[in-house]
Protein chains: 2
Amino acid sequence: MTQSNKDIDALIEMMAKLPGLGPRSARRAVLHMIKKRSLLMMPLADTLQTVAATARECLNCGNIGTTDICDICESEKRATGEICVVEDVADLWAMERGQVFKGRYHVLGGTLSALDAIGPDELRIPKLLDRVTSEGVTEVILALNATIDGQTTAHYIADQLEARQIAVTSLAQGVPIGGELDYLDDGTISAALKARKAI
Amino acid sequence: MTQSNKDIDALIEMMAKLPGLGPRSARRAVLHMIKKRSLLMMPLADTLQTVAATARECLNCGNIGTTDICDICESEKRATGEICVVEDVADLWAMERGQVFKGRYHVLGGTLSALDAIGPDELRIPKLLDRVTSEGVTEVILALNATIDGQTTAHYIADQLEARQIAVTSLAQGVPIGGELDYLDDGTISAALKARKAI
Ligand SMILES: [Zn+2]
Ligand SMILES: [Zn+2]
């Protein structure tokens, strides 16, 4: 593939499988790492070994961590009675970067999809219903993507929770902070208009 | 940064330093690796360790390999008396993918640059002149980038080799195979026109 060194070729081939990288950017990344061997490549190799050996899904919420129960589920500070339901771990990370939500999470691992034959049992929905009882939850916030499958899933979960004496909410839809109207899709604009507030 | 797991955060931070990746694509890459732990993450960690421990510049030509003298310099098959001079290892790899050149390489490690105070001794130019004698070279092919610094460097090397009884050549300039004229810069088109051939 490059110059007949099999380890370097294998490294490039594996790097090229990462999302966002292709053969060309994988080659550039590998050359960059080799140039920064002690500052970047060696620490990266060590950390990758550590994470590869220890990363696992939290048995309670589906978050990724290095222990059976993740730090968020372990933390007493986050036992607020609020659970934020997300599709995947990337969404959980996005919520955490917002630094506003102080409760716990529940990672579904996808959305319901008739097309892909994904029903409630393929997701972590039964576990969510268990947790609502066992953790004394008072509010479930559905932070699912504003896609058809995401919204179908949100409605299904809301239905399941209807009989319980808890609040079921979802994230507000509207114009992103700093968002320019001209760049937004029509659905966002009409949702923001319907949800307009007095100022 | 993400969700309070320090190893995963450190891994994302290091991945985000690779060229072509940023924080967002680094997060996606790490989640992808964790999902493909045994198929991708573990082999990648192992190969990264191996390359980090063994990668080095060839003492003869500057190519990157895992031995003091690289496979190309070691190979008797490539003792053709031709040396192809390139700016960096990425260019050597690009030439090898072409699968046409059968000689050896010399990686300069950059170009001459008055602005950046890079003179001949900062590059591998003295070593190139040594090799021309010691390896009985009959042709030096200057495969430098078609930039001002690349062409300045090519002329400097050609001057140094002038007194010797060898051919000094450079890659042909013209329209890339499959290239559409409409997408080429003017310099390429005029160079291709000047170098036009009877068909
Ligand atoms: Zn958890
Ligand atoms: Zn070499």
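Computed from a prediction, not measured in an experiment: that's the story for all the values here.

## Digging into the interface of chain B and chain A
Often, the extent of an interface is quoted as the loss of accessible area upon association of its parts.
Link 1 in the chain: Of the residues lining the interface, 52 residues belong to chain B; the matching set on chain A comes to 52 residues.
Link 2 in the chain: Counting each side, the surface lost to burial between chain B and chain A is near 5100 Å², with a carbon and sulfur contribution of 71%.
Link 3 in the chain: For the pair chain B and chain A, the number of links is 0 salt bridges.
Link 4 in the chain: Between chain B and chain A we count 8 residue pairs in polar contact (both at pLDDT 80 or more) in total.

## A look at the nonpolar core
Link 1 in the chain: Of all hydrophobic cores here, the largest spans 74 residues; its most connected members are Leu11, Met15 and Met33 of chain A together with Leu11, Met15 and Met33 of chain B.
Link 2 in the chain: Setting aside anything within four residues of it in sequence, one finds Leu11 of chain B in contact with Leu44, Thr47, Leu48 and Val51 of chain A together with Val30, Met33 and Met41 of chain B.

## What about the UniProt feature "zinc finger region: C4-type" (unreviewed entry) in chain A?
Link 1 in the chain: Annotation from UniProt places "zinc finger region: C4-type" (unreviewed entry) at residues 58–73 of chain A.
Link 2 in the chain: Secondary structure across residues 58–73 of chain A comprises 19% helix and 12% strand; the distance between its end C-alpha atoms is 8 Å.

## Notes on the relation of the copies chain B and chain A
Link 1 in the chain: For the pair chain B and chain A, the relating rotation is 180°, the translation along its axis is 0.0 Å, and the fit reaches an RMSD of 0.0 Å. Here the copies are linked by what is in effect a two-fold axis. When each C-alpha of chain B is compared by its distance to the rotation axis, Ala45 of chain B comes out closest, at 2.8 Å.
Link 2 in the chain: Here 100% of the interface residues in chain B have copies in chain A that are interface residues too; the copies meet face to matching face.

## A word on the coordination of the zinc ion (ligand 2)
Link 1 in the chain: For the zinc ion (ligand 2), every protein donor is listed as Cys58 of chain B (SG), Cys61 of chain B (SG), Cys70 of chain B (SG) and Cys73 of chain B (SG), and the spread of their distances is 2.3 to 2.4 Å.
Link 2 in the chain: For the zinc ion (ligand 2), the 4 donor atoms in the first shell make angles of 105 to 114° at the metal, a pattern classed as tetrahedral.

## Digging into the coordination of the zinc ion (ligand 1)
All names here are of chain A.
Link 1 in the chain: Coordination of the zinc ion (ligand 1) by the protein comes from Cys58 (SG), Cys61 (SG), Cys70 (SG) and Cys73 (SG), over a distance range of 2.3 to 2.4 Å.
Link 2 in the chain: Coordination geometry of the zinc ion (ligand 1): the 4 donor atoms subtend angles of 103 to 115° at the metal centre, consistent with an arrangement described as tetrahedral.
Link 3 in the chain: Spacing between the donor residues of the zinc ion (ligand 1) along their common chain follows C-x2-C-x8-C-x2-C. Taken together, the residues span a long stretch of sequence, with Cys61 in the loop between strand S1 (56–57) and strand S2 (64–65) and Cys73 in helix H4 (residues 71–74) at a distance of 12 residues. As far as the burial class goes, Cys61 and Cys73 line up, both buried.

## Observations concerning the packing of helix H3 (residues 37–54) of chain A against helix H3 (residues 37–54) of chain B
Link 1 in the chain: Put simply, H3 of chain A and H3 of chain B touch, their axes get as near as 9 Å, and they point 150° apart. With respect to H3 of chain B, the axis of H3 of chain A lies roughly antiparallel. Like other packed secondary-structure pairs, H3 of chain A and H3 of chain B cross with a definite hand, here left-handed. Seen from H3 of chain A, the contacting residues are Arg37, Met41, Met42, Leu44, Ala45, Asp46, Leu48, Gln49, Val51, Ala52, Ala53 and Thr54 of chain A; seen from H3 of chain B, they are Arg37, Met41, Met42, Leu44, Ala45, Asp46, Leu48, Gln49, Val51, Ala52, Ala53 and Thr54 of chain B.
Link 2 in the chain: Each residue belonging to the contact of H3 of chain A with H3 of chain B can be placed in one class, and the counts come to 16 nonpolar, 4 polar and 4 charged.

## Quick look at the UniProt feature "domain: Toprim" (unreviewed entry) in chain A
Link 1 in the chain: As recorded in UniProt, the sites labelled "domain: Toprim" (unreviewed entry) are residues 81–176 of chain A.
Link 2 in the chain: Annotated as residues 81–176 of chain A, this span is 34% helix and 18% strand, and its ends, taken at the C-alpha atoms, are 28 Å apart.

## Comments concerning the pattern of salt bridges
Pairing between side chains of opposite charge can happen when the charged atoms of each approach one another.
Link 1 in the chain: Enumeration over the complete set of coordinates arrives at 12 salt bridges over all chains.
Link 2 in the chain: With a closest N to O distance of 2.7 Å, Glu57 of chain A and Arg124 of chain A form a salt bridge. Residue Glu57 of chain A is found in strand S1, and its partner Arg124 of chain A is found in the loop between strand S4 (104–107) and helix H6 (125–134); the two are separated by 67 residues along the sequence.
Link 3 in the chain: Arg56 of chain B is paired through a salt bridge with Asp68 of chain B; the nearest N and O atoms lie 3.2 Å apart. Placement of Arg56 of chain B in strand S1 (residues 56–57) and of Asp68 of chain B in the loop between strand S2 (64–65) and helix H4 (71–74) is noted, with a sequence separation of 12 residues between them.
Link 4 in the chain: The partly exposed category is assigned to Arg56 of chain B, whose relative accessible area is 32%.
Link 5 in the chain: Relative accessible area serves as the criterion here: at 42%, Asp68 of chain B is assigned to the partly exposed category.
Link 6 in the chain: Look at the salt bridges and you will find they share partners, linking Arg104, Arg131 and Glu135 of chain A into a network.

## A short note on helix H1 (residues 6–15) of chain B
Link 1 in the chain: Listing the buried residues of H1 of chain B in full gives Ile8, Asp9, Leu11, Ile12, Met14 and Met15 of chain B.
Link 2 in the chain: Residues of H1 of chain B that are buried sit in contact with H3, S2 and helix H5 (89–98) of chain A together with helix H2 (23–35) and H3 of chain B.
Link 3 in the chain: The backbone nitrogen of Asp7 of chain B has a side-chain oxygen 3.2 Å away, supplied by the residue at the start of H1 of chain B, namely Asn5 of chain B.

Scoring rules and cut-offs
Within every chain, residues take consecutive numbers counted from 1 along the sequence as written. By the order in which they are written, chains take letters starting at A while ligands take numbers starting at 1. The predicted origin of the model limits local features to residues at a pLDDT of at least 70 and limits the giving and counting of side-chain atom pairs to 80 or more, whereas totals for whole chains, interfaces and linings rest on all residues. Hydrogens and water molecules were not included; the side-chain quantities draw on all heavy atoms of the structure. A contact between two residues is defined here by any heavy atoms of the two lying within 4.5 Å. Defined in terms of a 1.4 Å probe, buried area is the accessible area two parts forfeit on being brought together, summed over both. Put simply, a salt bridge is a Lys or Arg side-chain nitrogen that is within 4 Å of an Asp or Glu carboxyl oxygen. In protein, a polar contact means a hydrogen-donor-capable atom and an acceptor-capable atom, both N or O and within 3.5 Å, with residues adjacent in sequence counting only if both atoms are side-chain atoms; elsewhere, any N or O pair within 3.5 Å suffices. We call a set of buried Ala, Val, Leu, Ile, Met, Phe, Trp, Tyr and Cys residues a nonpolar core when their side-chain atoms join them within 4.5 Å. Relative accessibility decides the category of a residue: with a 1.4 Å probe and only protein chains considered, values under 20% of the type maximum give buried, values over 50% give exposed, and everything between is partly exposed. UniProt positions are given in the numbering used here, feature names are shortened, and annotations may be inferred rather than shown by experiment. Helix and strand definitions here come from DSSP, where helices need a minimum of 4 consecutive H or I residues and strands a minimum of 2 consecutive E residues; each element is numbered from the N-terminal end. Our superposition of the copies is a least-squares fit, built on the C-alpha atoms of residues whose pLDDT is at least 70 in both. Only N, O and S atoms count as donors, using a 2.8 Å cut-off from the metal and 3.2 Å for Na, K and Ca, and because water is excluded some sites may appear unfinished. Every geometry call rests on angle ranges, with four donors termed tetrahedral when all angles are between 85 and 135 degrees, four termed square planar and six termed octahedral when opposite donors are over 155 degrees apart and all others are between 65 and 115, and everything else termed irregular. In this analysis, axes come from line fits to C-alpha atoms, helices being fitted only over the stretch in contact, and the angle between any two N-to-C directions falls in the range 0 to 180 degrees. An angle counts as roughly parallel when it lies under 35 degrees, as roughly antiparallel when it exceeds 145, as roughly perpendicular when it falls between 65 and 115, and as oblique in every other case. When the near helix sits turned anticlockwise from the far one by under a right angle, the crossing is termed left-handed; a clockwise turn instead gives a right-handed crossing. Under the grouping applied here, Gly and all other residues not named as nonpolar or charged are polar, the nonpolar ones being Ala, Val, Leu, Ile, Met, Phe, Trp, Tyr, Cys and Pro and the charged ones Asp, Glu, Lys and Arg.

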